[in-house]
Amino acid sequence: MHNQELPLIFEISKEGRIGYSLPEKDVPEVELAELIPSEYIRTEDAALPEVSELDIMRHYTALSKRNHGVDSGFYPLGSCTMKYNPKVNEVVARIPGFAHIHPLQDERTIQGSMELMYDLQQQLKEITGMDEVTLQPAAGAHGEWTGLMMIRAYHEANGDTLRTKVIIPDSAHGTNPASASVAGFETITVKSNEFGLVDIDDLKKVVGPDTAALMLTNPNTLGLFEENIVEMAEIVHAAGGKLYYDGANLNAVLSKARPGDMGFDVVHLNLHKTFTGPHGGGGPGSGPVGVKKDLLPFLPTPVLTKTDNGYTFDYNRPQSIGRVKPFYGNFGINVRAYTYIRTMGPDGLKQVTENAVLNANYMMRRLAPFYDLPYDRHCKHEFVISGRRQKKLGVRTLDIAKRLLDFGFHPPTIYFPLNVEECMMIEPTETESKETLDSFINVMIQIAKEAEETPEVVQEAPHTTVIKRLDETQAARKPILRYQKA
Amino acid sequence: MTFRYLPMTEQDKKEMLDAIGVTSVEELFSDIPESVRFNGRLQIKEAKSETALLKELTNLAKKNADVKSYTSFLGAGVYDHYIPSIVDAVLSRSEFYTAYTPYQPEISQGELQAIFEFQSMICELTGMDVANSSMYDGGTALAEAGLLAAAQTKRKKVLISETVHPEYKQVVDTYGKGQGIEVIQIPHKNGMTDITALTEMMDDSIAAVIVQYPNFFGQIESLKELEPIIHEHKSLFIVSSNPVALGILTPPGALGADIVTGDAQPFGIPQSFGGPHCGFFAVTNKLMRKIPGRLVGQTSDEDGKRGFVLTLQAREQHIRRDKATSNICSNQALNALAASVAMTALGKQGIKEMAIANIQKANYAKQLLKQKGFEIVFDGPSFNEFVVKTKQPMKEIANHLLEQGIIAGFDLQRVYPELNNHMLVCVTEIRTKEEIDQFVEEMGAYHA
């Protein structure tokens with residue numbers, strides 16, 4: 001039963017069944033044709049499913065059982081910070097005064113939300129060491145683009161129109177160059193050195209009068225702290241460029257080092273990672289951006305301000321890059337992040353980072369005898385290992401990932417960063433217990449042994465999931481992207 | 001100090017430090033240069049217990065006037081609709097909300113199938129061939145449509161109707177700036193896109209024309225008349241639409257639209273002070289490989305069993321880097337799920353019934369206001385919104401209504417300076433006759 005195909009909701013549809021209870025039709029009705037010319041009316045109904053309420057609940061419950069979340073089991077997906085999603089956050093986000101308010105209401109009737117947003121900005125300013133924060137961007141990528149647009153506006157305001165290039169390390173996530181490109185920049189790659197850090201000599205080579213910014217994740221995607229950050233900041237600033245901090249890995253440095261103190265001019269955060277807004281199966285997230293003083297005029301509109309008469313949205317920002325999103329950001333996610341920060345406080349956040357880093361180093365050291373460790377030094381909140389050794393035995397990193405599924409674990413991020421062969425990027429987070437880490441480690445050791453002794457067990461994995469490996473080539477070659485009635 | 005989300009005990013810590021071969025956690029941070037080390041204590045608010053925090057935040061929320069306690073006639077892009085209870089029941093399944101992007105299809109079939117169904121439903125409503133797995137919201141989806149059109153046509157000008165949501169227009173502008181795309185406004189005439197003006201503005205340098213359906217004033221644009229004017233110049237026709245209206249209106253796909261975007265917020269998603277909502281993005285087959293964002297496709301496993309995967313990823317940022325069609329990584333999966341559940345609950349009959357109820361109730365309010373002597377401005381065919389002119393300043397009326405427990409419609413002067421004393425009234429299926437009567441009564445009382 002559990003391995004059978006699950007019908008699409010359309011396939012269990014039966015004419016005449018309903019799953020809704022619309023409000024009473026209590027107003028006198030007029031012939032529709034009198035209100036809307038017939039040429040505007042559909043000739044064919046939208047074929048949405050016709051099912052009862054129980055049908056719907058069973059369908060989605062069955063689907064949920066085919067989905068692995070953090071609540072289902074360990075989820076060490078590197079750079080995604082799959083930590084526990086506190087339930088109180090969900091409760092707070094659903095309070096009617098937060099969930100059911102309209103963004104365009106009179107400001108006097110939304111002071112509670114504005115106060116929460118303002119206070120969240122204050123907390124984030126302190127955590128990042130920046131001068132101001134906007135909560136507008138909807139996600140990390142959106143924050144990157146917003147931040148880069150501000151950097152662009154800053155240079156343009158200085159008459160510095162030739163700064164068209166953004167420097168990005170080869171270990172960076174693909175979003176960085178994509179965001180730079182959408183913001184109208186050209187990207188230049190700076191190489192990593194043998195220690196997994198940005199190659200300073202190469203940075204000196206690529207930096208110049210055309211440099212708009214250097215985008216950096218610190219710790220980087222290898223989980224390593226860019227210890228030359230001060231020198232890098234000096235090089236970029238001396239050339240007239242700005243320093244952009246990708247906050248994907250902020251969980252590694254809470255209360256230990258602040259981007260603002262490291263010399264960064266613009267920072268984006270991923271509240272759905274570091275600050276427990278749930279990942280939701282791929283979103284919604286929230287990607288606030290923090291800036292230093294000289295970028296203040298360019299913040300997207302509106303800017304939330306505190307006055308003697310309460311909070312207000314300031315739209316009069318002549319140098320602003322403009323609006324990046326309708327309304328005021330993903331408020332519902334910001335409420336969750338705020339609840340988390342208020343739950344943890346300064347000591348809690350410090351402990352979060354310490355435990356995340358300790359967990360990662362512990363796993364790295366325990367796995368080191370069995371997998372190649374390309375960078376043998378303390379990691380931060382995540383680390384990479386390489387499946388090079390196993391590849392020689394005919395077992396690829398993809399196979400190892402699939403084998404992990406048989407044990408109820410979500411695999412690490414694989415084949416990323418691109419500069420490590422057969423890469424596995426592991427981020428345990430601080431919310432996992434030593435027992436969970438140990439059981440994952442033991443399974444990884446077992447898989448390493450299987451690669452030597454019974455490689456086919458790994459190569460043919462997974463063995464226990466509802467479905468086996470799927471044909472992705474077929475999916476891309478002959479795309480079927482929607483249900484169509486046979 | 002201990003925290004309920006942090007399971008590490010002192011003993012765990014000791015054992016782990018031993019295994020690593022260090023004596024303190026501090027040593028693990030030795031790679032952070034002293035000059036940038038944060039050695040203080042963060043000056044943020046102290047931790048609070050669950051009970052105390054809930055109490056504080058519940059009180060904070062009380063400073064807001066929520067639309068469950070007040071009667072709202074405010075729409076303008078965010079709507080108060082029927083949310084079936086089952087939506088939150090499904091959304092609360094933490095297998096969905098604590099998962100991430102379905103990178104491992106074998107253990108993510110639930111999410112993947114749900115999104116595949118979402119894509120299918122959006123195609124049904126919009127009349128388009130392909131829909132993606134969702135975007136941040138209607139505004140950014142529309143902006144991405146502008147970028148797609150510019151890339152596809154290799155042209156750098158986008159025309160946007162003045163009747164498109166003003167905040168959406170601003171977002172399109174900002175995105176355009178990044179790509180050096182000029183965004184030019186088409187004026188409105190009687191609250192509809194001015195077709196004569198559009199015809200004059202059209203030429204072969206126009207990448208796309210953007211209209212909204214129904215438009216910001218609630219009126220239903222004639223897509224049929226617009227289409228040939230746009231396609232004559234091989235420009236793309238982009239329609240931002242309200243998906244509830246598409247339950248009854250001819251879908252843009254049937255009227256020649258190339259890209260249809262919008263926000264699925266009306267389907268089971270709370271207003272939540274403007275976000276998170278759920279953008280949707282649908283295109284013709286021709287543009288399938290240019291669509292931004294995640295796409296879920298059907299395929300089969302080694303045993304021939306049907307399954308779903310993320311597909312056509314060669315378009316995306318993690319593969320294409322600076323050559324990607326968009327920088328979007330995520331989608332609004334959880335809200336797409338909410339919308340799917342709501343669309344499923346409504347189903348084929350309910351969506352139509354709901355759309356008609358919006359038209360009927362809004363019309364009832366419109367007629368009552370007319371009887372009270374109000375001028376209904378732009379009195380063309382409309383969906384669930386219309387514009388009413390008031391004698392007194394909107395602010396005063398809104399204050400008066402608020403005292404009666406009513407949230408007024410949108411003050412159009414906020415974005416259209418020439419429309420002072422104009423209110424954009426929204427009446428959805430959720431407003432009762434009694435509420436509408438009271439609203440009109442209070443409006444009338446103030447009008448006299």
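What counts, and at which threshold
- Residues numbered from 1 in each chain as written.
- Chains lettered and ligands numbered in written order.
- Predicted model: local features only at pLDDT ≥ 70, side-chain atom pairs only at ≥ 80, totals over all residues.
- Heavy atoms only, no water.
- UniProt positions renumbered as here; feature names shortened; annotations may be inferred.
- Helix = DSSP H or I, 4+ residues; strand = E, 2+ residues; numbered from the N terminus.
- Contact = heavy atoms within 4.5 Å.
- Areas by Shrake-Rupley, 256 points an atom, 1.4 Å probe, with all protein chains shown as cover.
- Lys, Arg positive; Asp, Glu negative; His and termini not counted.
- Charge placed at Lys NZ, Arg CZ, Asp CG, Glu CD.
- Axes fitted to C-alpha atoms, helices over the stretch in contact; angles between N-to-C directions.
- Parallel < 35°, antiparallel > 145°, perpendicular 65-115°, else oblique.
- Nonpolar A, V, L, I, M, F, W, Y, C, P; charged D, E, K, R; others polar.
- Pairing = 2+ DSSP bridges.
- 1 Å grid on protein atoms, 1.4 Å probe; cavity = no way out; pocket = protein on both sides within 12 Å on 5 of 7 lines; lining within 4 Å.
- Points joined across faces, edges and corners; volume = space filled by probe spheres on them.
- Core = buried A, V, L, I, M, F, W, Y, C linked by side-chain atoms within 4.5 Å.
- Buried < 20%, exposed > 50% of the residue type's maximum accessible area, 1.4 Å probe, protein only.
- Buried area = accessible area lost by both parts, 1.4 Å probe.
- Salt bridge = Lys/Arg side-chain N within 4 Å of Asp/Glu carboxyl O.
- Polar contact = N/O pair within 3.5 Å; in protein donor to acceptor, adjacent residues only side chain to side chain.
- Phe/Tyr/Trp six-rings, centres within 6.5 Å; stacked < 30°, edge-to-face > 60°.
- Lys NZ or Arg CZ within 6 Å of the ring centre and 35° of its normal.
- Expected span 1.5 Å × (residues − 1).
- Arc of directions from axis to C-beta.

Chain B appears in an unreviewed UniProt entry as Probable glycine dehydrogenase (decarboxylating) subunit 1 from Perspicuibacillus lycopersici. Quoted verbatim from the Sequence similarities (unreviewed entry) field of the UniProt record, the comment on chain B reads "Belongs to the GcvP family. N-terminal subunit subfamily." Check the Catalytic activity (unreviewed entry) section of the UniProt entry for chain B; it says "N(6)-[(R)-lipoyl]-L-lysyl-[glycine-cleavage complex H protein] + glycine + H(+) = N(6)-[(R)-S(8)-aminomethyldihydrolipoyl]-L-lysyl-[glycine-cleavage complex H protein] + CO2".

The name given to chain A in an unreviewed UniProt entry is Probable glycine dehydrogenase (decarboxylating) subunit 2, and the organism recorded there is Perspicuibacillus lycopersici. Per UniProt, the comment on chain A under Function (unreviewed entry) is "The glycine cleavage system catalyzes the degradation of glycine. The P protein binds the alpha-amino group of glycine through its pyridoxal phosphate cofactor; CO(2) is released and the remaining methylamine moiety is then transferred to the lipoamide cofactor of the H protein." The UniProt entry for chain A carries the following text under Catalytic activity (unreviewed entry): "N(6)-[(R)-lipoyl]-L-lysyl-[glycine-cleavage complex H protein] + glycine + H(+) = N(6)-[(R)-S(8)-aminomethyldihydrolipoyl]-L-lysyl-[glycine-cleavage complex H protein] + CO2".

Quick word on the overall build of chain B
Assigned secondary structure in chain B consists of 13 helices and 17 strands. Overall, chain B is about 80 × 55 × 50 Å in size when its C-alpha atoms are taken along their principal axes. Expressed as a percentage of contacts within chain B between residues at least 6 apart in sequence, the contacts between residues at least 24 apart total 71%. As displayed, chain B offers around 14,600 Å² of accessible surface, 49% of which is attributable to carbon and sulfur atoms. If the 43 positive side-chain charges of chain B are averaged to one point and the 55 negative ones to another, these points end up 2 Å apart.

Details of the packing of helix H2 (residues 53–65) of chain A against helix H5 (residues 109–126) of chain B
Where H2(A) meets H5(B), the closest approach of the two axes is 6 Å, and the angle between their N-to-C directions is 135 degrees. Of the possible angle classes, the one that applies to H2(A) and H5(B) is oblique. Across from A:His59, A:Tyr60 and A:Leu63 in H2(A), the residues of H5(B) making contact are B:Gln109, B:Gly110, B:Gln113, B:Ala114, B:Glu117 and B:Met121. Counted by class, the contact of H2(A) with H5(B) contains four nonpolar, four polar and one charged residues.

Some words on the sheet that holds strand S11 (residues 413–414) of chain A
All names here are of chain A. Spatially, S10-S12-S11 is the arrangement adopted by the three strands of the open sheet, whose pairing is antiparallel. Both outer strands of the open sheet, strand S10 (383–386) and S11, are each paired with one neighbouring strand and no more. Relative to strand S12 (residues 423–426), S10 runs antiparallel, the two sharing four bridges. The partner of serine 386 across the bridge, within S12, is cysteine 423.

Thoughts on the layout of surface pockets
As a volume, the second largest pocket reaches approximately 930 Å³. In terms of lining, the second largest pocket is formed by 40 residues, of which the most central are A:Leu104, B:Lys395, B:Phe410, B:Asp411 and B:Arg414. Listed by contribution, the elements that provide at least two residues to the lining of the second largest pocket are strand S9 (310–314) of chain A together with helix H7 (166–179), helix H12 (394–403), strand S15 (406–407) and strand S16 (410–411) of chain B. Grouping the amino acids of the lining of the second largest pocket by side-chain chemistry returns 19 nonpolar, 11 polar and 10 charged.

Quick notes on the nonpolar core
Judged by nonpolar contacts, the single largest core of 125 residues is most densely connected at A:Phe98 and A:Phe275. Considering every element that reaches this core, the biggest residue donor is helix H11 (residues 331–367) of chain A, with 16 residues. Residues in contact with A:Phe275, not counting those within four places in the same chain, are A:Leu124, A:Ile127, A:Leu250, A:Leu254, A:Asn270, A:Arg336, A:Ala337, A:Tyr340, A:Ile341 and A:Leu349. Judged by nonpolar contacts, the second largest core, of 84 residues, contains B:Tyr82, B:Tyr97, B:Ile122 and B:Phe267.

Focus: the interface of chain A and chain B
Much of the literature gives interface size as the accessible area that the parts lose upon coming together. At the interface, 207 residues of chain A touch 195 residues of chain B. Taken over both partners, the interface formed by chain A and chain B buries close to 17,900 Å², and the fraction arising from carbon and sulfur atoms is 62%. Ranking the residues of chain A by area buried against chain B places A:Tyr40, A:Arg342 and A:Leu481 at the top, with a combined share of 5%. Between chain A and chain B we count 17 salt bridges in total. Residue A:Asp347 is joined to B:Arg41 by a salt bridge in which the shortest nitrogen-to-oxygen separation is 2.8 Å. Our count for the contact surface shared by chain A and chain B stands at 104 residue pairs in polar contact (both at pLDDT 80 or more). Top element by residues in the side of chain A that touches chain B is H11(A). It accounts for 26 residues. Classifying every residue of the side of chain A that touches chain B by side-chain character gives 105 nonpolar, 56 polar and 46 charged.

So, the packing of aromatic side chains
This structure, assessed with the given rule, holds 23 aromatic pairs over all chains. Seen in terms of ring centroids, A:Tyr118 and A:Tyr311 are 5.3 Å apart; in terms of plane orientation they differ by 50 degrees. Their pairing is tilted. In this pair, A:Tyr118 is assigned in helix H5 (residues 111–128) and A:Tyr311 in strand S9, connecting sequence segments 193 residues apart. When the ring centre of B:Phe29 is taken as origin, the NZ or CZ atom of A:Lys380, which lies over that ring, is 5.5 Å away. Across from the ring centre of B:Phe73, 6.0 Å away, lies the NZ or CZ of B:Arg431, which sits over that ring.

Observations regarding unusual backbone geometry
The residue after A:Gly283, namely A:Pro284, is reached through a cis peptide bond having omega 0 degrees. With respect to the helices and strands, A:Pro284 occurs in the loop between strand S6 (266–268) and strand S7 (289–291). Omega for the bond connecting A:Ala461 with A:Pro462 falls within 30 degrees of zero, at 0 degrees, which places this linkage in the cis form. Its place among the elements puts A:Pro462 in the loop between helix H15 (455–459) and helix H16 (472–477). The phi angle at A:Thr429 is positive, at roughly 70 degrees, despite the residue not being glycine. Topologically, A:Thr429 is positioned in the loop between S12 and helix H14 (434–453). Given the relative accessible area of 1%, A:Thr429 is considered buried. Within the chain, B:Asn421 stands out as a residue other than glycine whose phi angle is a positive 60 degrees. Inspection of the secondary structure puts B:Asn421 in the loop between S16 and strand S17 (422–426). Residue B:Asn421 is classed as buried on the basis of its relative accessible area, which comes to 18%.

Quick look at helix H2 (residues 50–61) of chain B
The first and last C-alpha atoms of H2(B) sit 16 Å apart over 12 residues, in line with the 16 Å expected at 1.5 Å per residue. Along H2(B), the residues that are buried comprise B:Leu53, B:Leu57, B:Leu60 and B:Ala61. Projected down its long axis, H2(B) shows its buried positions confined to an angular sector of 100 degrees, all on one face. The exposed set on the far side of H2(B), more than 90 degrees from its buried face, consists of B:Thr51 and B:Lys55. Those residues of H2(B) hidden inside the fold are in contact with helix H3 (87–93), helix H4 (96–99), H5 and H11 of chain A.

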